[in-house]
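What follows is the residue order along each chain.
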Amino acid sequence: MVIRKTLNGAYRLYRFEDGEDFALGKAEKKEWITAEVPCNVETALTAAGKLEDIYRNGTDEARKEELCDWYFVRDFTAEETADKVFLEFDGIDTFFEVYLNGKKIGEGENALISHRFEVGGVLKTGKNELAVHIFSTLKKAFTFQNTPVCVPCLPENAESLHIRKPAYQFGWDIFPRVLSAGITGDVSLVCESGVNLKRAYLSVQYASDRRAGLQFFYDTDLSASDYGKYVLKLSLRCKDSEYAYAIPVGFRSGVKYLFLENPYLWWTNGMGEQNLYDVKATLCKDGEAVDEQSFRFGIRFLELKRSDFAGERDSFCFYLNGKELKCYGGNIVPPDVLRANVANKYASLVADLKESHANMVRIWGGGVYFDEAFFDLCDKAGILVWQDFMLACHSYPVSERLEKAVFEEAEQIVCRYANHASLGLYCGSNETDWPYYCVGLDPKADALTRSVLPKAIFKQDPNRIYLPSTPYFSEEYVKAYGGKFLIDLDAIVENRKDLPDEHYWWSRRDFRKFADISHNFVSEIGYSGAPSAQTICSFAGENFRWGDETLKARDYSTEGDYAYGIGYCFTDMPESREDKILATQIYQAEAYKFLVETARIKADLNGVLIWTFNEGWPCFTSGVVDYYGRRKLAFYYLKNSQRPIQFVFAVHGDSCEGYFVNGTLREVKCRVRIFGDGKTQPFAEAECVCPPLSRVRAAEGLKAKAFLVSEMLAEGKTAYNHVALCRKISFAEYKAFLDTMYEKIVR
């Protein structure tokens, strides 16, 4: 039996400046403020009036705290008695020591995972004092030494390479530097009595609509004297599909293979239903339950077929339950610059993804690991998760200490996520092959992504797909094209050869070149659009003017200039600030629409994940949902382009073709009428029966002066779409067109 008592809530927070001697007894004599745990220290300081609002005023003042130590203290009462008692922290950032009743019970140096410390013999019945001392990350960083192999992606990131802490906090191209500290996750007192079920794990070995094979693994804390005295009862239920098993328990852990006839399969958003089985594993003795675990489990079989070079058959293509899966969605960055605030945004984030008709999301490797609650939501929504491990852009140290830390981190994360249907694949890192390849080295020398991480996955979740990095430079690719020094971006563009999966940043100022790519999957590509005037006012004030220095300070655009898109799309510059905002949003919306619709038409382009779907800071960047959850125009264009059943255009010179696209598992009868330049009568019509998971060319030679509009009827529902035929157009003309189309697009 396991009993949890929360120790969240009000803590006394003490601040120790650089050079100030820290000791437990001295803290009680200092001034303190209240910190509502979980929290970052910036939140507590702001609430106490000690720090200005970083979201409005920036992080310059917060950076003055980088050399400080912090001391969180609270009293609590313990009345529980148990065989074993633990203190459990779901997140402490980063280097810390934990004291209970004045005695040190543990320490750690990883902000990305949970920590657990046994406290039996130290915990008192009655009043107890818990204290957490968090050291200055910056001062700790200076105790490590880099070597020539250590290459940070930005000079100001050099101190981060040895430290298991969110990389973006050291400053990134989408985040300000906030080298925070805090108790960023839940704190619990955990009491365990008797025999407990430690793990219940299910894995799909194969699956079709006729039969599925599953592996069930369990682990307990039984001792040798318990041999043969326990039975594990396992049940699975979804609709009218029910299975029950009684598994005799001898050794503390075991495996059983399950075979399910006519299972209800789990499919991605828009493709089919998200069927989830209710699973219960109950450990019993003499017919009585002593412990149990329950969870929901989707039966699906995911494959990734890939090759070493772009353009080859089945090069980087996902198959779900034997069906080819075109992937659409985006990259997710931490939805808040402060780690403790991230979980508050899971529900709205997944709801936005589902409504946009996304079926895949990539958790970027420069951020944080999300809680299981996020995966629960993705299970229900049908969103596959591409999960990066938290390694990003750098060439990391060759270090036994780091390898050990990453292995332990990976084991914990893999066990946490393993039962989720939404977990599609693990990826070793974000862009860490690049630092090797660009200086003529072979990325296979990276022990973290080539050895440490795959071993951890194989140990705890052996059937999960693993990709060493994104983009991934295989040994064969490096043999063919490596051995060159390409540190200059122009040299990279000139000499690079297409990879099957790519982060496509080569033509970031002309999205129409995307139609010519030969990559088979694009897991990053971004175009920027301004947030709403309301969001800009939150950091620039009500009277901001376009071009203000405050706006430039928040410019994290992929093009390097938040106003770039206006000149790309329009022949004139809008006058009002609201129209300038709209103009940049039109540019972004047209870009993302073009990317997705190109992928839906190209047979060998198997997926596009935009960079980014969300934003974790009020700024100008490439997200389609801003920090405050306000949707940009691009969100609605994506939602329209990614509808499971839609009619899309492909421009060729001064004319275009039209295609029905069907991303569902069912046959669909479609009919379309095509209009030109605002006319009320169609000049072309077409209809056909679209097979499941297909694209059908229905029209060609379509021409108009500026715009074509499609009105498609399928399964009793009408969907509209458009294409802008001109490279540039007057803003007033586009705005007038948008006024007529907006309601049709956003509904």
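Above this note sits the structure.
Residues numbered from 1 in each chain as written. Predicted model: local features only at pLDDT ≥ 70, side-chain atom pairs only at ≥ 80, totals over all residues. Heavy atoms only, no water.

Student: What's the story with the overall build of the chain in this structure? I'm lost.
Tutor: Along the chain, the regular secondary structure elements total 18 helices and 38 strands. Evaluated residue by residue, the chain yields a buried proportion of 60% over its 747 residues. Residue pairs in contact within the chain that sit at least 24 positions apart in sequence constitute 71% of those at least 6 positions apart. In the form shown here, the chain has an accessible surface area of approximately 29,500 Å², with 49% of it arising from carbon and sulfur atoms. With 91 positive and 106 negative side-chain charges, the chain shows a spacing of 3 Å between the two charge centroids. (Helix = DSSP H or I, 4+ residues; strand = E, 2+ residues; numbered from the N terminus. Buried < 20%, exposed > 50% of the residue type's maximum accessible area, 1.4 Å probe, protein only. Contact = heavy atoms within 4.5 Å. Areas by Shrake-Rupley, 256 points an atom, 1.4 Å probe, with all protein chains shown as cover. Lys, Arg positive; Asp, Glu negative; His and termini not counted. Charge placed at Lys NZ, Arg CZ, Asp CG, Glu CD.)

Student: I would appreciate a short explanation of the environment of Leu713 in the present structure.
Tutor: Mapped onto the elements of the fold, Leu713 is located in strand S37 (residues 707–714). A residue is classified by how much of its surface remains accessible, and Leu713, at 33% relative accessible area, is partly exposed. For the pair Leu713 and Gly91, spaced 622 residues apart in sequence, the C-alpha to C-alpha distance is 50 Å. Excluding residues that lie within four positions of it along the chain, Leu713 makes contacts with Lys669, Cys670, Arg671 and Thr718.

Student: In this structure, what is going on with the nonpolar core? I would like to understand it.
Tutor: One finds Phe72, Phe89 and Phe374 to be the most contacted residues of the largest nonpolar core, which totals 166 residues. Tallying contributions element by element places helix H16 (residues 577–601) first for this core, with eleven residues. Counting residues in each nonpolar core, the second largest holds 51 residues, with Leu234, Phe297, Leu304 and Leu320 among its members. (Core = buried A, V, L, I, M, F, W, Y, C linked by side-chain atoms within 4.5 Å.)

Student: So what exactly am I meant to see when it comes to the packing of aromatic side chains here?
Tutor: The description of two aromatic rings rests on the distance between their centres and on the angle between their planes. Counting across every chain of the model gives 55 aromatic pairs. Here the aromatic rings of Tyr437 and Tyr477 are separated by 6.0 Å at their centres, their planes lie at 50 degrees, and the arrangement is tilted. Taken as a pair, Tyr437 in helix H9 (residues 433–437) and Tyr477 in helix H11 (residues 475–481) lie far apart in primary sequence, 40 residues in all. Just as Tyr437 is buried, Tyr477 falls in that class too. Taking the centre distance of 5.0 Å and the plane angle of 65 degrees together, the rings of Tyr477 and Tyr481 count as edge-to-face. Placement of both Tyr477 and Tyr481 in helix H11 is noted, with a separation of four residues, approximately one turn of the helix. An aromatic cluster of three or more residues is present, and its members are Phe309, Trp434, Tyr437, Phe473, Tyr477 and Tyr481. A cation over an aromatic ring shows up here: Lys30 above the ring of Phe16, its NZ or CZ 5.1 Å from the ring centre. Here Arg577 stacks its cationic end above the ring of Phe544, 4.0 Å away from the centre of that ring. (Phe/Tyr/Trp six-rings, centres within 6.5 Å; stacked < 30°, edge-to-face > 60°. Lys NZ or Arg CZ within 6 Å of the ring centre and 35° of its normal.)

Student: Honestly, the sheet that holds strand S32 (residues 645–652) in this entry has me stumped. Any pointers?
Tutor: Whether parallel or antiparallel, the strands of a sheet pair through hydrogen bonds between backbone atoms. One open sheet accounts for three strands, arranged S32-S33-S36; its pairing is antiparallel. A single partner strand is all that each edge strand has here, and the edge strands are S32 and strand S36 (694–702). Recorded for the sheet is a direction-independent mean angle of 20 degrees between the axes of neighbouring strands. Sheet analysis places S32 next to strand S33 (residues 655–662), joined by eight bridges and oriented antiparallel. By the bridge assignment for S33, Phe649 is matched with Gly658. (Pairing = 2+ DSSP bridges. Axes fitted to C-alpha atoms, helices over the stretch in contact; angles between N-to-C directions.)

Student: Please explain the packing of helix H17 (residues 633–641) against helix H18 (residues 731–746) as it appears in this structure.
Tutor: Any two packed helices are characterised by how steeply their axes cross, that is the angle between the axes, and by the distance between the axes. Relative to each other, H17 and H18 sit at 55 degrees, their axes nearing to 11 Å. The angle between H17 and H18 places the two elements in the oblique class. The hand of the H17/H18 crossing is left-handed. On the side of H17, the interface is formed by Leu633, Tyr636, Tyr637, Lys639 and Asn640, while H18 contributes Tyr734, Leu738, Tyr742, Ile745 and Val746. Of the residues assigned to the contact of H17 with H18, the class counts are eight nonpolar, one polar and one charged. (Parallel < 35°, antiparallel > 145°, perpendicular 65-115°, else oblique. Left-handed = near helix turned anticlockwise from the far one by under 90°. Nonpolar A, V, L, I, M, F, W, Y, C, P; charged D, E, K, R; others polar.)

Student: I tried to follow unusual backbone geometry on my own but got confused; where do I start?
Tutor: Backbone geometry follows two general trends: most residues other than glycine have a negative phi, and most peptide bonds adopt the trans configuration. Looking along the chain, the bond that leaves Val37 and enters Pro38 is cis, with omega of 5 degrees. Within the secondary structure layout, Pro38 lies in the loop between strand S3 (33–37) and strand S4 (39–40). A cis amide bond links Asp93 with the next residue in sequence, Thr94, at an omega value of -5 degrees. Its place among the elements puts Thr94 in the loop between strand S7 (92–93) and strand S8 (95–100). In the Ramachandran plot, Asn262 falls in the positive-phi region, its phi being about 50 degrees despite a non-glycine side chain. One can find Asn262 in the loop between strand S18 (253–261) and strand S19 (277–285). Asn262 sits in the exposed class, given a relative accessible area of 54%.

Student: What's the story with a nonpolar patch on the surface in this structure? I'm lost.
Tutor: A contiguous nonpolar patch, built from Tyr206, Val255, Tyr257 and Phe259 and spanning about 380 Å² of accessible area, is present on the exposed surface. Here the element with the most residues in the nonpolar patch is S18; it accounts for three residues. One can find Tyr206 in strand S14 (residues 197–207). With relative accessibility at 33%, the residue Tyr206 sits in the partly exposed group. (Patch = residues over 30% accessible without salt bridge, like charges linked within 9 Å, V, L, I, M, F, W, Y side chains within 5 Å. Salt bridge = Lys/Arg side-chain N within 4 Å of Asp/Glu carboxyl O.)

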